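What follows is the residue order along each chain.
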Amino acid sequence: MLALAATEAGEFRQTLSLQTVDIPIDPPDFLLVQVACSDLNPVDLQKLHTRTSNFPFVSGFAGSGIVQETPDEAAFPVGASICFLLDPTKSGSYAQYCRVDRRAAALVPPQITLQEAASIPLAGCTAYESLQKLGLLTESTTSVQTLLIVGGAGGVGSWATRMARALHPNSEIICTSDTSRDWCRTNGASRCIPHDFLQELPGGPQGSVDAILCLAEPTPSLMHSMSEVIRPYGRICLVVAGPSIRSLNLDFVFFKSVTVYTETVFSCFRTHFSHSQPSQMMAQILNWMSSGRIRAPLSPCLDEMNMHWTKATMPNGILEKLHSGHVQGKLVMRVGDFSDAGN
């Protein structure tokens, strides 16, 4: 099969190229999927720098496609459209085919395109689990009246804003972004403030927000800002785990009785699905989309650029956009030639 694969560690412009590689071999109870669209995330490119062995390496951790081989014809018949999340230790979605664990796959209803579906498994499920930990996933009465999303313009932030707004139309949702205020408001944010939000929001012992979803590196200055604005008994969910995570000052957790959660959707693989199954999360998100309650936050730049994988590494290609770090919403790369993949 063809794959956009790396032959060595390094920067994607020098390491990635279309190559012929073997179709992955996995347990017989896995699905064989012909990839239509691959989800794009910053971690895709980060992995290219840290990889030390087992080349050629195929990146990409989620996407959508068509079932080609199945051990369960009743649940996942051949020819069915699905979206899927992949184990980060295995071959990825920048390829014509991939092997998918059924517990990390969901059937895509006909009214949802494969392009939209590909944006769900990684960013959508991360937003889902984060809101669940913050007490905002259900429509029942919640103590969270004000939600702050640090880094609200990206894929997870866009999904989280849309989900929180759909489930809690009367809550105040504040997003931080220096350049994407209009996009955040389109997603449902009540207001958008610069990343240096301490001057914008009241802090101190009583704080001013009930819950914080942090999608940025929790640097000492950022953690100090969050400790100021969080209310007593509030909740914080940290999604990015860079070097700062090893030396966080959490004194405020004790004095304000704050609960701090961490979130990575890949924990489902590391715990052997003992606590969560992405298939269930994806099915719920797809249900919300089918009913018209939530739309996939596909990046508006996709309408202006060639999103096909054969052009991905070219100047001004879709991977260049991903690498820039300045993306509104979700980027999705087209791999297959399926009729609905780009609609």
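Since the structure is predicted, the reported quantities are computational estimates derived from the model, not experimental observations.

**Q** Is there a simple way to think about the overall build of the protein chain in this case?
**A** Looking only at helices and strands, the protein chain features eleven helices and 15 strands. A compact globule built from 343 residues should have a C-alpha radius of gyration of about 20 Å, and the protein chain, at 20 Å, falls within 12% of that. Judged by the C-alpha coordinates and their principal axes, the protein chain covers about 60 × 40 × 40 Å. Burial analysis of the protein chain (343 residues in total) assigns 55% to the buried set. Long-range pairs, those at least 24 residues apart, make up 72% of the contacts in the protein chain with a sequence separation of at least 6. For the protein chain, the accessible area works out to roughly 14900 Å², and carbon and sulfur atoms hold 49% of it. Treating the 24 positive side-chain charges of the protein chain as one cloud and the 30 negative ones as another, the clouds have centres 3 Å apart.

**Q** Looking at this structure, how should I read the sheet that holds strand β1 (residues 2-6)?
**A** Note: strands within a sheet are paired through backbone hydrogen bonds, in either parallel or antiparallel orientation. Spatially, three strands are ordered β2-β1-β4 in an open sheet, and the strand pairing comes out antiparallel. Of all the strands in the sheet, the pair left with one neighbour each is β2 (16-20) and β4 (57-58). Of the pairings in the sheet, the one linking β1 to β4 comprises two bridges and is antiparallel in character. Each bridged residue has a counterpart across the sheet, and for Ala5 the counterpart in β4 is Val58.

**Q** Can you help me understand the pattern of salt bridges in this one?
**A** Pairing of side chains with opposite charge becomes possible as their charged atoms draw close. Applying the stated criterion across every chain yields a total of ten salt bridges. Note that Arg103 and Asp101 form a salt bridge whose closest N and O atoms lie 3.0 Å from each other. Residue Arg103 is classed as partly exposed on the basis of its relative accessible area of 36%. Take Asp101: its relative accessible area is 10%, and that puts it in the buried class. With a shortest N-O distance of 3.1 Å, Glu172 and Arg191 are connected by a salt bridge. Separated by 19 residues along the polypeptide, Glu172 in strand β10 (residues 172-176) and Arg191 in strand β11 (residues 191-193) bring together distant segments of the chain. Among the ionic contacts, a cluster of salt bridges with common partners joins Glu11, Arg13 and Glu320.

**Q** Is there a simple way to think about the packing of helix α4 (residues 120-133) against helix α5 (residues 155-167) in this case?
**A** Between two packed helices, what matters for the description is the angle formed by their axes and the separation of those axes. Between α4 and α5, the shortest axis-to-axis distance is 8 Å and the interhelical angle comes to 55°. By the criterion of interaxial angle, the relationship of α4 to α5 is oblique. Like other packed secondary-structure pairs, α4 and α5 cross with a definite hand, here right-handed. Contacts between α4 and α5 involve Ile120, Ala123, Gly124, Thr126, Ala127, Tyr128 and Leu131 from the first element and Gly155, Val156, Trp159, Ala160, Met163 and Ala164 from the second. Here the contact of α4 with α5 is built from residues that sort into ten nonpolar, three polar and no charged.

**Q** How should I be thinking about the packing of α5 against helix α10 (residues 278-290) in this particular structure?
**A** Axis separation between α5 and α10 bottoms out at 13 Å; the angle between their running directions is 65°. With respect to the hand of their crossing, α5 and α10 are arranged in left-handed fashion. Residues Trp159, Met163 and Leu167 of α5 lie in contact with α10, whose contacting residues are Ile285, Trp288 and Met289. Tallied by class, the residues present in the contact of α5 with α10 amount to six nonpolar, no polar and no charged.

**Q** It is not clear to me how the domain arrangement of the protein chain should be interpreted in this structure. Could you clarify?
**A** What the domain assignment reports for the protein chain is domain 1 (2-107 + 298-334) and domain 2 (123-266). A separation of 29 Å is found between the C-alpha centroids of domain 1 and domain 2. Opposite the eleven residues of domain 1 that make contact, domain 2 presents eleven residues. Where domain 1 abuts domain 2, roughly 770 Å² becomes buried across the two surfaces, and 70% of that area is made up of carbon and sulfur atoms. Seen at the junction of domain 1 and domain 2, the total is zero salt bridges.

**Q** What should I look at first to understand the environment of Ala123 in this one?
**A** Considering the arrangement of structural elements, one finds Ala123 in helix α4. With relative accessibility at 1%, the residue Ala123 sits in the buried group. Distance in space between the C-alpha atoms of Ala123 and Leu40 is 9.6 Å, their sequence separation being 83 residues. Dropping the residues within four chain positions of it, Ala123 is found in contact with Asp39, Gly155, Val156, Trp159 and Lys330.

**Q** Help me understand the nonpolar core, please; the structure alone is not making it clear to me.
**A** Soluble globular proteins: nonpolar side chains tend toward being buried together. In terms of nonpolar packing, the biggest core is built from 54 residues, with Leu85, Leu147, Trp159 and Met163 touching the most fellow members. There are two domains that each give this core at least three residues, and those are domain 1 (2-107 + 298-334) and domain 2 (123-266). Look past the residues within four positions of Trp159 in its chain and what remains in contact with it is Ser119, Ile120, Ala123, Gly124, Ala127, Ile285, Met289, Ile294, Arg295, Ala296, Pro297 and Lys330. Residues Ala6, Leu48, Phe76 and Met307 belong to the second largest nonpolar core, which totals 43 residues.

**Q** I tried to follow the side chain of Asp87 on my own but got confused; where do I start?
**A** Take Asp87: it is sitting in the loop between β6 (81-85) and β7 (97-100). For the buried Asp87, no salt bridge is present, and the opposite-charge side chain at shortest range is Lys90, 4.9 Å distant. A distance of 2.8 Å separates a polar atom in the side chain of Asp87 from a polar atom in the side chain of Thr89.

Rules used throughout
Residues numbered from 1 in each chain as written. Predicted model: local features only at pLDDT ≥ 70, side-chain atom pairs only at ≥ 80, totals over all residues. Heavy atoms only, no water. Helix = DSSP H or I, 4+ residues; strand = E, 2+ residues; numbered from the N terminus. Rg over C-alpha atoms; globule rule 2.2 N^0.38 Å. Buried < 20%, exposed > 50% of the residue type's maximum accessible area, 1.4 Å probe, protein only. Contact = heavy atoms within 4.5 Å. Areas by Shrake-Rupley, 256 points an atom, 1.4 Å probe, with all protein chains shown as cover. Lys, Arg positive; Asp, Glu negative; His and termini not counted. Charge placed at Lys NZ, Arg CZ, Asp CG, Glu CD. Pairing = 2+ DSSP bridges. Salt bridge = Lys/Arg side-chain N within 4 Å of Asp/Glu carboxyl O. Axes fitted to C-alpha atoms, helices over the stretch in contact; angles between N-to-C directions. Parallel < 35°, antiparallel > 145°, perpendicular 65-115°, else oblique. Left-handed = near helix turned anticlockwise from the far one by under 90°. Nonpolar A, V, L, I, M, F, W, Y, C, P; charged D, E, K, R; others polar. Domains from an automatic or database assignment. Buried area = accessible area lost by both parts, 1.4 Å probe. Core = buried A, V, L, I, M, F, W, Y, C linked by side-chain atoms within 4.5 Å. Polar contact = N/O pair within 3.5 Å; in protein donor to acceptor, adjacent residues only side chain to side chain.

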